[in-house]
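Observations on the three-dimensional arrangement
The residues making up each chain are set out below.
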Amino acid sequence: MVTKKYPDLVASVRRHARERMDAPAVVFEGRSTSYGELQRHSSRVANGLAARLSPQARVAYLDFNTAMYFEILLGAQKARCTLVGINARLAAPEVAYILQDSGTRVLFVGREHYALIEAHESELTELEFIVALDGDHPRWPAYADWRAAQSEVDPEFERQWDDDIVQLYTSGTTGHPKGVCHTRRTWGEIALALATVWPLAFERDAVNLVCMPLFHVAGYNPANFTLVGGGQVVLTRRIDPAEVLELLHSQAVNVTLLVPAVLLTVVQSAQQRKLRLPHLRTVAYGAAPMAQELLKQARAIFRCDFLHLYGLTENGGTGTYLSSEMHDPVRGKLRSCGKPYPGLELRIVDEAGNEVPAGEVGEIIMKSPWIMRCYWRQPEATLDAVREGWLWSGDAGYVDGDGFLYIHDRVKDMVKTGGENVYPAEVENALYGHAAIADVGVVGVPDERWGEAVKAVVVLKPGAVLDVQDILRHARERIAGFKVPKSVDVVDELPRNASGKLLRRVLRDRYWQGRERKVN
């Protein structure tokens, strides 16, 4: 039985459409979609989906950010379906894996990915219907035509709080991504928690620039929060720092979330143009640590509040926060990720799960009502990640005497580059097949722009000659561009233990010498 009053996207848009039909909901590429249009269009999508799918069927969206995404997201929820978010930058085999793993039945796909889907369509055994978002496809119906053929009467199906509403994929240490399932209830809990520390994102006068991808919690959550509150989402198709700066200025944006790599470029452009942004009230940032010097420059340029958010896809990106007040350098907490949200417990534990004293490094584990329901179709991985209600983050850190969390290193091998998660196993698998490579290890190394960069350390086969560009081309054909190594080093032998396991920490440490923290 539901005792809390959870925020709900469908109910909120219905209300805003009744009360403020013509109010702008989404502004994208110069065109505004009102709440009334969003309500009508999403009802058409819902009726189209419900005519062919049963509740909790998986529906996928494969494209970069568009206003159509919100119609499909809302329509899927109205039809009690689950929207599968797919990273639009992935390579063809990775996209095919996610579509097959999720059991996607209906796919909405943009023009840039038509050829990719055509090449793998015969392998997708559960996929039964494809809609071409941009039209102009010989076999698949155009989205606008398909939508227009459905009734715009809201079906108003009874929905359950434990329905999965979204399935976001996160990279896996085994080389395959895992589908993180969040329900109406867990997302409602996430929204309640974030509203306590980021209220502007939920206000009716919010003008929220969303440039982060909607397949990522950094884009998905802020956009949804603003629509729940009745504000205006200003959307970009991709992350383009020049466009971000222009929209911040021209659209009188008052709230946004940026990753440090994007914020760096925006700050540099603003400095060159001597541009001020008087409407901007809050900049949230997360997905990667930020250099203190960059943060100081950003505060000087934007003269607004800053909010640091730390979390995982598995808990909706909602773990700890560093408030605006604590961004004052005098407080001495700029390196911190802040304190837990109200309702979240946080511990630092050793390998046996025993809590360690303040100041001692261990694995960060968290417990809250908004942890994911499961990893889709991976019960063993779910049990390993969530133990007795505690989410094991894979991140190593410590808390100071005031209870502030500091990220120190990663227990897992993940590389964090420009806000994207890259697991070495994926990259190594892609490189091992190259004719010149006998052995390979992949690590993250410091990078001033991206925080970390992917580096491949290879052992060449006897007589082979290093051709870096050929190795990178080989990788680019198999994995997404952001996972392709930025550099390649050659060694005679990789450090391995007696059983042959790569000692990745030993390999990685040589590139981090002289640094206090092994994240950048």
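Just so you know, these numbers come straight off a predicted model, no measurement behind them.

Definitions and limits used
- Residues numbered from 1 in each chain as written.
- Predicted model: local features only at pLDDT ≥ 70, side-chain atom pairs only at ≥ 80, totals over all residues.
- Heavy atoms only, no water.
- Salt bridge = Lys/Arg side-chain N within 4 Å of Asp/Glu carboxyl O.
- Helix = DSSP H or I, 4+ residues; strand = E, 2+ residues; numbered from the N terminus.
- Buried < 20%, exposed > 50% of the residue type's maximum accessible area, 1.4 Å probe, protein only.
- Pairing = 2+ DSSP bridges.
- Axes fitted to C-alpha atoms, helices over the stretch in contact; angles between N-to-C directions.
- Contact = heavy atoms within 4.5 Å.
- Parallel < 35°, antiparallel > 145°, perpendicular 65-115°, else oblique.
- Left-handed = near helix turned anticlockwise from the far one by under 90°.
- Nonpolar A, V, L, I, M, F, W, Y, C, P; charged D, E, K, R; others polar.
- Right-handed = clockwise from strand over helix to strand, strands pointing away.
- Phe/Tyr/Trp six-rings, centres within 6.5 Å; stacked < 30°, edge-to-face > 60°.
- Lys NZ or Arg CZ within 6 Å of the ring centre and 35° of its normal.

Focus on the pattern of salt bridges
Pairing is possible between side chains of opposite charge, provided their charged atoms come close. Applying the stated criterion across every chain yields a total of 36 salt bridges. Of the charged contacts, one joins Arg237 and Asp63 as a salt bridge, the two residues approaching to 2.8 Å between their closest N and O atoms. Of the two residues, Arg237 is situated in the loop between strand E10 (232–235) and helix H9 (241–250) and Asp63 in the loop between strand E3 (58–62) and helix H3 (68–78); the sequence distance between them amounts to 174 residues. The pair formed by Arg237 and Asp63 is uniform in burial state, with each residue classed as buried.

Examining the sheet that holds strand E6 (residues 129–132)
The mixed open sheet is built from seven strands, whose spatial order is E6-E5-E3-E4-E7-E8-E18. Two strands bound the open sheet, and with one partner strand each, they are E6 and strand E18 (374–375). Pairing of E3 with strand E5 (residues 106–109), which is carried by four bridges, proceeds in the parallel orientation. Paired with Ala60 across the bridge in E5 is Leu107.

Quick look at the sheet that holds strand E25 (residues 451–460)
Reading across the sheet, the three strands line up as E24-E25-E26 and stay open at both edges, with mixed pairing between neighbours. Each edge of the sheet is formed by a strand with only one pairing partner; in this case those strands are strand E24 (437–447) and strand E26 (487–490). Strand-to-strand twist in this sheet, taken as the mean axis angle between neighbours without regard to direction, amounts to 30°. Summarising the sheet, E25 and E26 pair through four bridges and their orientation is parallel. By the bridge assignment, Val457 is partnered in E26 with Asp489. Against the sheet, helix H13 (residues 424–431) makes contact with E24 and E25, and its axis sits at roughly 140° relative to E24, the strand it touches most.

Brief notes about the pairing of strand E9 (residues 207–210)
Going residue by residue along E9, you find Val207 and Leu209 tucked away on one face and Asn208 and Val210 tucked away on the opposite face as well. Strand direction decides the pairing type here: E9 and E10, joined by four bridges, are parallel. Bridge pairing in E10 links Asn208 to Val233. Pairing geometry for E9 and strand E11 (residues 255–258), over two bridges, is parallel. Bridge pairing in E11 places Asn208 opposite Val255.

A short note on the packing of helix H10 (residues 260–273) against helix H11 (residues 292–302)
The interhelical angle for the contact between H10 and H11, taken along N-to-C directions, is 50°, at an axis separation of 10 Å. Of the possible angle classes, the one that applies to H10 and H11 is oblique. For the pair H10 and H11, the crossing hand works out as left-handed. Contacts from Pro260, Leu263, Leu264, Val266, Val267, Ala270 and Gln271 of H10 reach H11 at Leu294, Gln297, Ala298, Ile301 and Phe302. Class assignment for the residues of the contact of H10 with H11 results in 10 nonpolar, two polar and no charged.

Description of the side chain of Ser368
Structurally, the position occupied by Ser368 is in the loop between strand E17 (362–367) and E18. In this structure Ser368 comes out as buried when scored by relative accessible area, which is 15%. Apart from residues no more than four positions distant in its own chain, Ser368 is found in contact with Gly343 and Leu344.

Topic: helix H4 (residues 92–102)
Listed in full, the buried residues belonging to H4 are Glu94, Val95, Ala96, Ile98, Leu99, Asp101 and Ser102. On its buried face, H4 is in contact with E3, strand E4 (82–85), E5, helix H5 (114–120), strand E7 (164–170) and H13. At the exit of H4 stands Gly103, carrying a positive phi of roughly 70°.

Some details on the pairing of E11
Of the two faces of E11, both are covered, the one formed by Val255 and Leu257 as well as the one formed by Thr256 and Leu258. Two elements, E11 and strand E12 (residues 282–286), share four bridges in a ladder whose sense is parallel. Paired with Leu258 across the bridge in E12 is Tyr285. Taking the sense of rotation as the criterion, the β-α-β connection linking E11, H10 and E12 turns out right-handed.

Let's talk about the packing of aromatic side chains
Going through the model one piece at a time under the given rule, you end up with 13 aromatic pairs. A ring pair is formed by Phe202 and Phe225, whose centres lie 4.6 Å apart and whose planes are at 25°; its orientation type is stacked. Within this pair, whereas Phe202 is found in the loop between helix H7 (184–197) and E9, its partner Phe225 is found in helix H8 (residues 217–229), the two being separated by 23 residues in sequence. A relative accessible area of 15% places Phe202 in the buried class. Aromatic side chains Phe302 and Phe306 sit 6.5 Å apart centroid to centroid with 20° between the ring planes, which places their arrangement in the stacked category. The class for Phe306 is buried, based on a relative accessible area of 1%. An aromatic cluster is defined as three or more aromatic residues linked by ring pairs; in this entry it consists of Phe108, Phe129, Tyr143 and Trp146. If you follow Arg238 out to its NZ or CZ, it ends over the ring of Phe64, 3.8 Å from the centre.

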